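Residue-level structural notes
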Amino acid sequence: MGLLYSDHRPRYGAFLPDSDPGSKKTSSDRGGYIQAESIFKLDLEDNEAAFSVAIVNFHSHPEETFLVVGTGQDTSLAPRACKQAYLHTYRLLDEGRRIELHHKTEVDDIPTALIAFQGRLLAGVGKALRLYDLGKKKLLRKAENKVSADFTCDAVTLTQQAH
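A brief report on the enclosed structure follows. What you are looking at is a predicted structure, and each value in this text was computed from that prediction instead of being measured. (Residues numbered from 1 in each chain as written. Predicted model: local features only at pLDDT ≥ 70, side-chain atom pairs only at ≥ 80, totals over all residues. Heavy atoms only, no water.)

**A word on the overall build of the protein**
Threshold: Numbering of helices and strands runs from the N terminus; a helix is a DSSP stretch of H or I covering at least four residues, while a strand is a stretch of E covering at least two. Think of it in three bands: with a 1.4 Å probe and only protein chains considered, a residue is buried below 20% of the maximum accessible area for its type, exposed above 50%, and partly exposed in between. Per-residue and other accessible areas follow the Shrake-Rupley method at a 1.4 Å probe size, with only the shown protein chains counted as cover for residues.
In terms of regular secondary structure, the protein is built from two helices and ten strands. Reading the secondary structure of the protein in the N-to-C direction produces α-β-β-β-β-β-β-β-β-β-β-α. For the protein, buried positions account for 37% of its 163 residues. A total of about 9,900 Å² of accessible surface is found on the protein, and carbon and sulfur atoms cover 49% of it.

Structure follows, in structure tokens:
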């Protein structure tokens, strides 16, 4: 499971790009690398494994920040299958130092890619790209597009780079 750091941003890589496009220096060469500390470890139950994570500010709750974790229960990778799959939605408390389970939404396949998108959650779930909004008892599916299995991760990567 990935770790959440004190500035509330997950880490995807060790280096930040240099401001000079022609430079081959990394931010660690410039002394700009951010030292991160682990805030908490999320333990999953019932033989669940985490496959994706995103920090989302839903437009319906702009004053709150949520951590969404995509999991699969009793998962096998070859062939890819799981007993059940979920999107766990946690409320971040105390400036991100604590979390509280808000709700757990069952989905029909492993959520392999998650990203915040225009105040909602964009999720690659199996062969579908889905848009979710925050509900009182579960995440609410607002839109869905069936795509190839490889496209869901690529679409989320493109969206991430565009922001």
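**Let's talk about the sheet that holds strand β7 (residues 111-117)**
Let me state the cut-off plainly: Being paired, for any two strands, means DSSP has found at least two bridges between them. In this analysis an axis means a line fitted to C-alpha atoms, helices contributing only their contacting stretch, and an angle means the value between N-to-C directions, from 0 to 180 degrees.
Strand order across the open sheet formed by four strands is β7-β8-β9-β10, with antiparallel pairing between neighbours. Each of the sheet's edge strands pairs with one partner strand only, and the pair in question is β7 and β10 (139-146). Taken over all neighbouring pairs, the strand axes of this sheet differ in orientation by 25 degrees on average, direction set aside. Where strand β8 (residues 120-125) and strand β9 (residues 128-134) come together, five bridges link them in antiparallel fashion. Opposite G124, over in β9, you have L129 as the bridge partner.

**Quick word on the sheet that holds strand β2 (residues 66-73)**
Taken together, four strands build an open sheet; the order of strands is β1-β2-β5-β6 and the sheet is antiparallel. Every other strand in the sheet has two partners, leaving β1 (48-56) and β6 (98-107) as the edge strands with one partner each. Averaged over all pairs of adjacent strands, the angle between their axes in this sheet comes to 25 degrees, without regard to strand direction. Of the strand pairs in this sheet, β2 and strand β5 (residues 84-93) are connected by eight bridges, and their pairing is antiparallel. Note that in β5 the partner of V69 across the bridge is H88.

**What to know about the pairing of β6**
The sheet contact formed by β5 and β6 spans nine bridges and is antiparallel. By the bridge assignment, L93 is partnered in β6 with R98.

**A word on the pattern of salt bridges**
Heads up, the condition is: When a carboxyl oxygen of Asp or Glu is within 4 Å of a side-chain nitrogen of Lys or Arg, the pair counts as a salt bridge.
According to the stated counting rule, one finds nine salt bridges in the structure shown. Between K104 and E48 there is a salt bridge, and its shortest N-O distance comes to 3.3 Å. Highlighted residues: K104 in strand β6 and E48 in strand β1, separated in sequence by 56 residues. Among the residues examined, K104 registers a relative accessible area of 35% and is labelled partly exposed. With relative accessibility at 11%, the residue E48 sits in the buried group. Residues R91 and E100 are paired through a salt bridge, measuring 3.0 Å at the closest nitrogen-oxygen approach. Sharing partners across several salt bridges, the network here consists of D108, R130, R141, E144 and K146.

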